[in-house]
Amino acid sequence: MIRLKNVSKVYQIDNEITFYALKKVNLEIKKSEFVSIVGPSGSGKSTLMHIIGLLDRPTSGQVFINEKEVSKLSDNEISDIRNQTVGFIFQQFNLINKLTALENILIPTIYCRRKLNFDVKARALDLIKKFNIAGKENSYPNKLSGGQQQRVAIARALIMDPPVILADEPTGNLDSKNGEIILDLLKKLNKEEKRTVIIVTHDLDIAKKTDRIIKIKDGQIIGYE
Ligand SMILES: Nc1ncnc2c1ncn2[C@@H]1O[C@H](COP(=O)(O)OP(=O)(O)OP(=O)(O)O)[C@@H](O)[C@H]1O
Ligand SMILES: [Mg+2]
């Protein structure tokens, strides 16, 4: 499903020092896998997630989605693939405060350039019901609890029905009870709906709930568990 070959991400600091945020990473994530990427702060987890999710391009190396090399496509082509393939969940929820919960969930449908063959609003309301936030569709994010905001964000990630869900520290801003609810939800998206779910975390206890742990340190994969 997703394959990285010799992927490096290099930052030039002061035009002098070359810093490798990722160094020759080789990685394969299969369809319907439930995996976590674990490593200390600064190890390159978010950088790796941005490259897997087609939000960023590697400095060198190749990225394949379903054996199609995306690293050589144009920005527009990559955006289209991203829009149809990946749903993102972030630690800070990243909701737009001026939009209601329902409007936030609909954002990815606005960025889609092809005609959608489903009723976007009906699907959004279904997701709202499914994630136990019925009645909150017209509320603004600042009127919602952290757990509710993250469930709105998950609904937004799912509105385009993507086969892949990428979550960067999805429970980082939640108390343990809400964290567990979100983790259970992500697990269900994998086990029941067969989506590929990738969770980035520095918390080994969260990682242990996934089926495979990818360990990263100093921009390199140092092992699996
Ligand atoms: N735009 C940039 N310019 C220079 N260095 C950067 C840039 N973005 C990231 N880095 C560096 O790359 C390294 C990896 O960053 P990354 O955000 O991937 O870490 P992380 O594992 O997600 O950390 P955290 O757990 O704190 O979120 C860090 O050392 C960071 O300082
Ligand atoms: Mg990070």
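Residues numbered from 1 in each chain as written. Chains lettered and ligands numbered in written order. Predicted model: local features only at pLDDT ≥ 70, side-chain atom pairs only at ≥ 80, totals over all residues. Heavy atoms only, no water.

A.B. asks: What's the story with the pairing of strand β7 (residues 164–168) in this structure? I'm lost.
C.D. replies: Residues in a regular strand point their side chains to alternate faces of the sheet. Counted residue by residue, β7 has five buried out of five residues, so it is predominantly covered. Here β7 shows a buried face lined by V164, L166 and D168 and a second buried face lined by I165 and A167. Sheet topology note: the strand β6 (residues 86–90)/β7 ladder contains five bridges and is parallel. In the strand pairing of β7, F88 is matched with L166. With five bridges connecting them, β7 and strand β8 (residues 196–201) associate as parallel partners. Considered in β8, the bridge of I165 is made with V197. (Buried < 20%, exposed > 50% of the residue type's maximum accessible area, 1.4 Å probe, protein only. Helix = DSSP H or I, 4+ residues; strand = E, 2+ residues; numbered from the N terminus. Pairing = 2+ DSSP bridges.)

A.B. asks: Whenever I open this one, the sheet that holds strand β1 (residues 2–13) confuses me. Can you help?
C.D. replies: Strand pairing in a sheet relies on backbone hydrogen bonds. The paired strands run either parallel or antiparallel. Spatially, β2-β1-β4-β5 is the arrangement adopted by the four strands of the open sheet, whose pairing is antiparallel. Whereas interior strands pair on both sides, the edge strands pair on one side only; in this sheet they are β2 (17–29) and β5 (68–69). Pairing between strand β4 (residues 60–65) and β5: two bridges, direction antiparallel. If you follow I65 over to β5, its bridge partner there is K68. Contacting β1, β2 and β4, helix α1 (residues 45–52) crosses the sheet at an angle of about 55 degrees to β2. (Contact = heavy atoms within 4.5 Å. Axes fitted to C-alpha atoms, helices over the stretch in contact; angles between N-to-C directions.)

A.B. asks: Would you mind going over the site of ligand 1 with me for this structure?
C.D. replies: Lining the immediate surroundings of ligand 1 are Y11, F19, A21, P40, S41, G42, S43, G44, K45, S46 and T47. In the environment of ligand 1, an oxygen atom lies 2.6 Å from a nitrogen or oxygen atom belonging to the side chain of S41. G42 places a main-chain nitrogen or oxygen 2.8 Å from an oxygen atom of ligand 1. Protein contacts shield 59% of the accessible area of ligand 1, which totals 640 Å² for the unbound molecule. Ranked by the residues each element gives to the shell around ligand 1, the list is headed by α1, at three residues. A breakdown of the residues in the shell around ligand 1 according to their chemical character gives four nonpolar, six polar and one charged. (Near = heavy atom within 4 Å. Polar contact = N/O pair within 3.5 Å; in protein donor to acceptor, adjacent residues only side chain to side chain. Areas by Shrake-Rupley, 256 points an atom, 1.4 Å probe, with all protein chains shown as cover. Nonpolar A, V, L, I, M, F, W, Y, C, P; charged D, E, K, R; others polar.)

Geometric descriptors of this kind do not, in isolation, establish any biological role.
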